[in-house]
Every structure is written in structure tokens, then in C-alpha cells.
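# Coordinate analysis (summary)
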Amino acid sequence: MDRDQLCMLQELMAVEFTALEFHLYLDTHPTDQKALMEYNSVVQKLKVLKQQYQERYGPITYEQPSSYPWQWINEPWPWEICYE
Amino acid sequence: MFIPNDQMRLARAYVPFQVYSEHFNPMEGLLKGTIFPELYFPYRKYHR
Amino acid sequence: MWSYEKKLQYPAKVGKANVKMAKYLITQYGGPDGELAASLRYLNQRYTMPTPQAKGILTDIGTEEMAHLEIIATLVYKLMDRASVEELKQVDLGGHYADHGKALFYVNGNGVPWTATYIQAKGDPVADLHEDMAAEEKARATYEWLINLSDDPDLNDTLRFLREREVVHFQRFGETLQIVQEYLDSKKCY
């Protein structure tokens, strides 16, 4: 995996993690408007980033169309990536 | 000593609610394992 | 239902292969306080929770634990990379090799297979949430012992991430417990 892809993947991990943290927080604080607004804006950012990543490097979700041949099975799988 | 307030009763566990104010930027949050400064309690390795 | 994302939650690195450490770390895969036990415990307890917050948090943390299971698997896979049979024998993984080759399996650090007796569902939301809070503390302690056992800074970086998640989950279960207790109190008033 080249530098650029790894860099984008890690940015994606970071933004998705921020969304998850707000998600858990909101489960027990459903009326926190500030957190809710920030969650919505992070999720929007995440959606764009994930779309860009998949257009460039192939599908990582089930909601992404594939070019020919079927791209989902392309290596590396997550446990095979060297995250250096 | 922790003094319970009058809303509390004995024989019950209480965890204070987090009050959110600000968060680490996404990469810093990922590397720390939480985006919330008030919940960040890193482990200091015990040497012996 | 669930949907797989072809990525890890955290960029799991190891400095160099280390079969001994793999043997210790596997307990967070299939041990008593490991990620499999955590995930299955929470996802199974959802059905008898009385409040929407409790159903939500058990669903979401149970799902996150699956991502942690995948991180542990990745770490063990990398620590076992290119291990020879001789190396496996040296750290007493000959028995594992005979049964599983170099495959991962749901066992603790001594090779004892995972069992449903590690987890419980009492059907009493207060009792179940206490179990969940205890489970987070036990998993946090396990990560601390594993960090003590390891001198690999890359591995410890990921273990520290996973340890911090246990702290956050404890907080969420604690908040859920308050919500559930208040809900049960409000029902008793009538």
C-alpha cells in the first residue's frame, strides 16, 4: 500500500473514530444539542471522505459499486496492511 | 471522603455523567483512544 | 443486521514478530475478559434492557468489540508471521500447532478454549450492567498486564488504544446504569 493511500486510510479511521465517539456519547446524552450538531457534521465529512477513498482505491463497504472485475476481493485485506 | 448528596441512596453504584465541552482533533483522538480530554486516562507502565 | 467494513478501527502495528507475545495476547481473542466474550455478552443482553439508551449502548459497544476482535486477530497474525515450528515449540505452542496449525483460535493464554460460561445474561438490567462495567475493568487490567509483558513500542501503542476504549466504555455503561436505575425508580412510584 503506497504512502498516499495509507495516509488517506488513516484519516478515514480518525474521522470515523470521532463519529463513533459522538455516537456512543449521544446514546446516553440524546438531548445534548451541541454534541448532536457536531456528530452530524462529522458524519457528513466521513461520508465524503469514504466516497473519495473508495473511488480512488476500491470498495471498503457493501454500498459501493465495483468496476470490472469484482474489486471487493482485492488484497491487501485489513490484517495484511503494513501500517508503518 | 466522598459525601453523597440527598438524591443518592445506599447500596447503589453511581457514575457521574460526562459533560461534553470540547474534543481532540480526529487524528489526536484516534491515537489517544478517545476524543474526550476528560475521559483520557493513559496507563503508565509499571517498571520492576 | 451487520455490515462489514474492509478496514481496521485502528492502524494495528507490531515492531517485530514475537510468538511468545502472540501466545499471551491471544487471551484477548478467546479468553475470559477478551473481545469475543465482550461482544457476545453485550449483543446478547440487549434484548432485556428496559430503556432505549441501554439498547443503543449495548448494540454499539457490542459492535465496536467486534472491531477490537479484528484488531487482536491482526496483531496475533502479525506476531506469528513466518514463525517456524521450532519457534512455536520453544514457547510451548506445539499443542496449539497440533490442533490448529498456525490458525487463530478462540483460546486463552494457556490454550483453554472459549466458553459461554465466561459471560452471563441475568435478565436483570441492573445486574447485567454491573457485569458489563466489571468486564470493562477486567479488560482494562488485562491490557495493562499485556503492556507490562511487552517491550514492543508499536504493539503497546495499539494495546494502549484498546485499553483506553475500555475506560470510555465503562463511562458509557455507568451512565446507562444511572438512566436505568432512574427509570426503574420512576416505575416503582405508581
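Residues numbered from 1 in each chain as written. Chains lettered and ligands numbered in written order. Predicted model: local features only at pLDDT ≥ 70, side-chain atom pairs only at ≥ 80, totals over all residues.

Check the secondary structure of chain A and you find two helices and zero strands. For a compact globule of 84 residues, the expected C-alpha radius of gyration is about 12 Å, and chain A comes in at 15 Å, more than 25% above that figure. For chain A, the spread of C-alpha atoms along the principal axes amounts to about 45 × 30 × 20 Å. Burial status across chain A gives 26% buried among its 84 residues. Within chain A, residue pairs in contact and separated by at least 24 positions form 43% of the contacts whose partners lie at least 6 positions apart. (Helix = DSSP H or I, 4+ residues; strand = E, 2+ residues; numbered from the N terminus. Rg over C-alpha atoms; globule rule 2.2 N^0.38 Å. Buried ≥ 20, exposed ≤ 12 C-beta atoms within 10 Å, placed from the backbone. Contact = placed C-beta atoms within 7 Å.)

Quick look at the environment of A:W72 now. Residues and elements named next belong to chain A. By the secondary structure assignment, W72 is in the segment after α2 (33-57). Sequence separation between W72 and T61 is eleven residues, and the spatial gap between their C-alpha atoms is 8.6 Å. Here W72 is in contact with P59 and S66, once residues within four sequence places are set aside.

With eight residues of chain B at the interface, the matching set in chain A holds ten residues. Split by residue class, the side of chain B that touches chain A holds six nonpolar, two polar and no charged. (Nonpolar A, V, L, I, M, F, W, Y, C, P; charged D, E, K, R; others polar.)

This part takes up helix α3 (residues 35-45) of chain C. Residue and element names in this part refer to chain C. Across the eleven residues that make up α3, a large majority, eight, are buried. For α3, the full list of buried residues reads E35, L36, A37, A38, S39, R41, Y42 and Q45. Those residues of α3 hidden inside the fold are in contact with α2 (27-30), α4 (52-79) and α7 (125-149).

This part takes up the packing of α3(C) against α4(C). Residues and elements named next belong to chain C. Remark: α3 packs on α4, axes separated minimally by 8 Å, with the N-to-C direction vectors making an angle of 160°. Considering their axes alone, α3 and α4 lie roughly antiparallel with respect to each other. Crossing of α3 against α4: the hand is left-handed. In this structure, α3 uses E35, L36, A38, S39, Y42, L43 and Q45 to contact α4, whose residues at the interface are L58, I61, G62, E65, M66, H68, L69 and I72. Looking at the contact of α3 with α4 residue by residue, the class counts come to nine nonpolar, four polar and two charged. (Axes fitted to C-alpha atoms, helices over the stretch in contact; angles between N-to-C directions. Parallel < 35°, antiparallel > 145°, perpendicular 65-115°, else oblique. Left-handed = near helix turned anticlockwise from the far one by under 90°.)

A word on the nonpolar core. Residues C:A22, C:L25, C:I72, C:L75, C:V76 and C:L79 are the most contacted members of the largest nonpolar core, which totals 59 residues. Sorting the residues of this core by element identifies α1 (3-28) and α2 of chain A together with α1 (19-25), α3, α4, α7 and α8 (153-188) of chain C as the ones contributing at least two each. Per element, the largest residue contribution to this core is eleven residues, and it comes from α4(C). Residues in contact with C:A22, not counting those within four places in the same chain, are C:V76, C:L79 and C:M80. (Core = buried A, V, L, I, M, F, W, Y, C linked by C-beta atoms within 7 Å.)

We now examine unusual backbone geometry. Between A:Y68 and the following residue, A:P69, the backbone shows a cis peptide bond with an omega angle of -10°. Tracing the backbone through its elements, the reader meets A:P69 in the segment after α2. Of note, the amide linkage connecting A:E75 to A:P76 takes the cis form, showing an omega dihedral of 5°. Within the fold, A:P76 resides in the segment after α2. You will see that C:R82, though not glycine, has its phi angle at about 55°, which is positive. The residue C:R82 is located in the loop between α4 and α5 (85-90) in this model. Accessibility expressed as a C-beta count within 10 Å gives 7 for C:R82, which makes it exposed. Positive phi values are uncommon outside glycine, yet C:D92 reaches one of about 65°.

Tallying the contact residues gives 17 residues for chain A and 24 residues for chain C. Each residue belonging to the side of chain A that touches chain C can be placed in one class, and the counts come to eleven nonpolar, four polar and two charged.

Once that is clear, we can look at the packing of α1(A) against α4(C). At their nearest, the axes of α1(A) and α4(C) sit 8 Å apart, and the two run at 155° to each other. With respect to their mutual orientation, α1(A) and α4(C) come out roughly antiparallel. Here α1(A) and α4(C) pass one another in a crossing that is left-handed. Here α1(A) contributes A:L20, A:H23, A:L24, A:D27 and A:T28 to the contact with α4(C), which in turn contributes C:Q53, C:G56, C:I57, C:D60, C:I61 and C:E64. Partitioning the contact of α1(A) with α4(C) into residue classes produces four nonpolar, four polar and three charged.

Residues of chain C with pLDDT of at least 70 account for 99%, and the chain-wide mean is 97. As scored by the predictor, the complex reaches a pTM of 0.97 and an ipTM of 0.98. (pLDDT = per-residue confidence, 0-100.)

All names here are of chain C. Note on placement: A135 falls in helix α7. Distance in space between the C-alpha atoms of A135 and F170 is 8.6 Å, their sequence separation being 35 residues. Excluding residues within four positions of it along the chain, A135 makes contact with D33, A38 and R41.

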